[in-house]
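Chain residues, written in single-letter form:
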Amino acid sequence: MPTSKRLNVAVVGATGLVGQQLLQILAQRKFPVASVTAFASERSVGARVPFNGEHLTLRHLDETVFKGIDIVMFAAGADVSLLYAPAAAEAGALVIDKSSAWRMKANVPLVVPEVNPEDIRDNEGIIASPNCVTIPLTMVLEPLRARFGVKRVVVSSYQAASGAGRALMDELEDQTQAIAAGKEPSVAATSHQLAYNVIPGGWKPDADGYNEEEMKLVHETRKILHDAELPIAATCVRVPVPIGHSESVLIETNEKASADDARLVLGSAPGVLVEDDPHAKIYPTPHHVAGKDEVYVGRIREDLSSSHGLIIWLVSDNLRKGAALNAVQIAERALEMGVI
Ligand SMILES: NC(=O)c1ccc[n+]([C@@H]2O[C@H](COP(=O)([O-])OP(=O)(O)OC[C@H]3O[C@@H](n4cnc5c(N)ncnc54)[C@H](OP(=O)(O)O)[C@@H]3O)[C@@H](O)[C@H]2O)c1
């Protein structure tokens, strides 16, 4: 990214799964930092985290620490963002928030840089990065919508343990080892045993039977695509995979699209890679996609149950494009636009 400007960056939640990726990606993409300050909870203050061949000492977080900081990336949960993001914005920093705290607020842009980068200009100090299943879905819907129009979407997710943070990722590993050793696995981080299982829940349910994660996917997708009425329904499922969220998506289009048409459109969509040759056993899996930056798409088929439907399978790394990479790309775009 050619720029002479160097920025003072802060990462809140720097010991977490997303925070660690943020630090790695800032270094990998050579984001122009003048300094990086790392914050975590009180129990981590004084410990150190690696950054670009050096170590950063974790600092205590309060409302006064943001003076002189240009960008604060929050990856410490919604409560922490609600508490401290306004103070950071007030101090003149641009906040890029990974939590759900600000995503649906009217004066907060919710941005996927490949889809709605211009929304960055509408920020009043806080920009939200969407949920880790919403980001890849919108990256696939937007190019299809631009070419064929999108009438209706039905999506089922297969979400990795790391999507719920370090606690569930570690618990999956512990449970797998316990079962292999013939012991009873312990369950604390979600509603049921995840190892050797599939959980169609674990998020807060609402009165209609949907849950918080499913409704985030609905509302956030509509906001990013600027289509408040888009008919969309979701079923979110936790699977015993460490990293990499998968989604099976039925997309009804206005104009009829063949599977080949969709392959062509998605093949040139920014940030999307098509891997689709089932006869050669080529389709994306989370194991293969973990650590990669793109949204991988395969199993592209015409829907047998409707005249204008496409069915696709997509996979993305929830910690990278689903979280940290998207946040860093927002910062890069904001810098290019002169917003910072
Ligand atoms: N995981 C994903 O795939 C994903 C995707 C999209 C968005 N997100 C969002 O990103 C955020 C972080 O998720 P994660 O998966 O990285 O969680 P995580 O692995 O559980 O890490 C949580 C981080 O927050 C810090 N923290 C907790 N309480 C704090 C406090 N009071 N003050 C300062 N720091 C505090 C923790 O520090 P300690 O180590 O000191 O406890 C840790 O660094 C969440 O809002 C999550 O919803 C996650």
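Each chain has its residues counted from 1, following the order in which its sequence is written. Totals for whole chains, interfaces and linings use all residues, but because this is a predicted model, local features are given only for residues with pLDDT of at least 70 and pairs of side-chain atoms are given and counted only at 80 or more.

A. Region of the structure containing the sheet that holds strand S5 (residues 71-74). Here the rule is simple: two strands pair whenever DSSP picks up at least two bridges between them. By definition, any uninterrupted DSSP run of H or I lasting at least four residues is a helix, any uninterrupted run of E lasting at least two residues is a strand, and each is numbered from the N terminus. Spatially, the five strands line up as an open sheet ordered S2-S1-S5-S6-S7, and their pairing is parallel. Looking at strand neighbours, the two that pair on one side only are strand S2 (33-39) and strand S7 (126-128), the edges of this open sheet. The average angle at which neighbouring strand axes cross in this sheet is 20 degrees, direction not considered. Pairing of strand S6 (residues 94-97) with S7, which is carried by three bridges, proceeds in the parallel orientation. Directly across from Asp97, in S7, lies its bridge partner Ala128. C-beta atoms are first placed from the backbone for all residues, and any pair lying within 7 Å is then listed as a contact. Every axis corresponds to a line fitted to the C-alpha atoms, with the helix fit spanning only the stretch in contact, and the corresponding angles, defined between N-to-C directions, vary from 0 to 180 degrees. Contacting strand S1 (7-12), S5, S6 and S7, helix H2 (residues 78-90) crosses the sheet at an angle of about 160 degrees to S6. Together, S5, S6 and S7 form the strand contacts of helix H8 (residues 320-337), whose direction differs from that of S6 by roughly 150 degrees.

B. Layout of the nonpolar core. One finds Val11, Val12, Leu22, Val72 and Val140 to be the most contacted residues of the largest nonpolar core, which totals 99 residues. These domain boundaries are the output of an automatic or database domain assignment. For this core, the two domains that each supply at least three residues are domain 1 (7-130 + 323-337) and domain 2 (134-160 + 198-318). In this view, Leu22 contacts Val11, Met73, Ala75, Ala324, Ala327 and Val328; residues no more than four positions away in its chain are not counted. A set of buried Ala, Val, Leu, Ile, Met, Phe, Trp, Tyr and Cys residues, joined through C-beta atoms within 7 Å, is what we mean by a nonpolar core. Exposure criterion: with C-beta atoms placed from backbone coordinates, a residue whose C-beta has 20 or more other C-beta atoms within 10 Å is buried, one with 12 or fewer is exposed, and one in between is partly exposed.

C. Quick peek at the site of the ligand. Each residue gets a C-beta atom placed from its backbone. Should that atom fall within 6 Å of a molecule or strand, the residue is termed near it. Within the structure, the ligand sits among 31 residues, and Gly16, Ser44, Ala76, Ser99 and Gly165 are positioned closest to it. When residues of the shell around the ligand are traced back to their parent elements, those giving at least two are helix H1 (17-28), H2, helix H4 (166-180) and H8. For the shell around the ligand, the element with the highest residue contribution is H1, accounting for three residues. A breakdown of the residues in the shell around the ligand according to their chemical character gives 15 nonpolar, 13 polar and three charged. Side-chain classes are defined by residue name, with Ala, Val, Leu, Ile, Met, Phe, Trp, Tyr, Cys and Pro counting as nonpolar, Asp, Glu, Lys and Arg as charged, and the others, Gly among them, as polar.

D. Inspection of the pairing of S5 at higher detail. Alternating positions in S5 separate into two faces, Ile71 and Met73 on one and Val72 and Phe74 on the other, with burial throughout. In terms of strand pairing, S1 meets S5 through four bridges, oriented parallel. Paired with Val11 across the strands is Met73, a residue of S5. Note: S5 against S6, four bridges, orientation parallel. By the bridge assignment, Phe74 is partnered in S6 with Asp97. When the strands point away from the viewer, a crossover counts as right-handed if the route from the first strand across the helix to the second turns clockwise. Each parallel crossover has a hand, and the one from S5 via H2 to S6 is right-handed.

E. Here's a closer look at the packing of helix H3 (residues 134-148) against helix H6 (residues 259-267). In the contact formed by H3 and H6, the axes pass within 9 Å of each other and the chain directions differ by 120 degrees. Here H3 is positioned oblique relative to H6, judged by the angle of their axes. Note on packing geometry: the crossing formed by H3 with H6 is right-handed. Between H3 and H6, the contacting residues are Val140, Pro143, Leu144 and Arg147 on the first element and Ala262, Val265 and Leu266 on the second. When its residues are assigned to classes, the contact of H3 with H6 shows six nonpolar, no polar and one charged. For classification purposes, angles smaller than 35 degrees are called roughly parallel, those larger than 145 roughly antiparallel, those between 65 and 115 roughly perpendicular, and all remaining angles oblique. Crossing handedness is read from the near helix: turned anticlockwise from the far helix by less than a right angle, it gives a left-handed crossing, and turned clockwise, a right-handed one.

F. Spatial organisation of the environment of Gly13. Checked against the element boundaries, Gly13 lands in the loop between S1 and H1. With 60 residues separating them in the primary sequence, Gly13 and Met73 have C-alpha atoms 8.6 Å apart.

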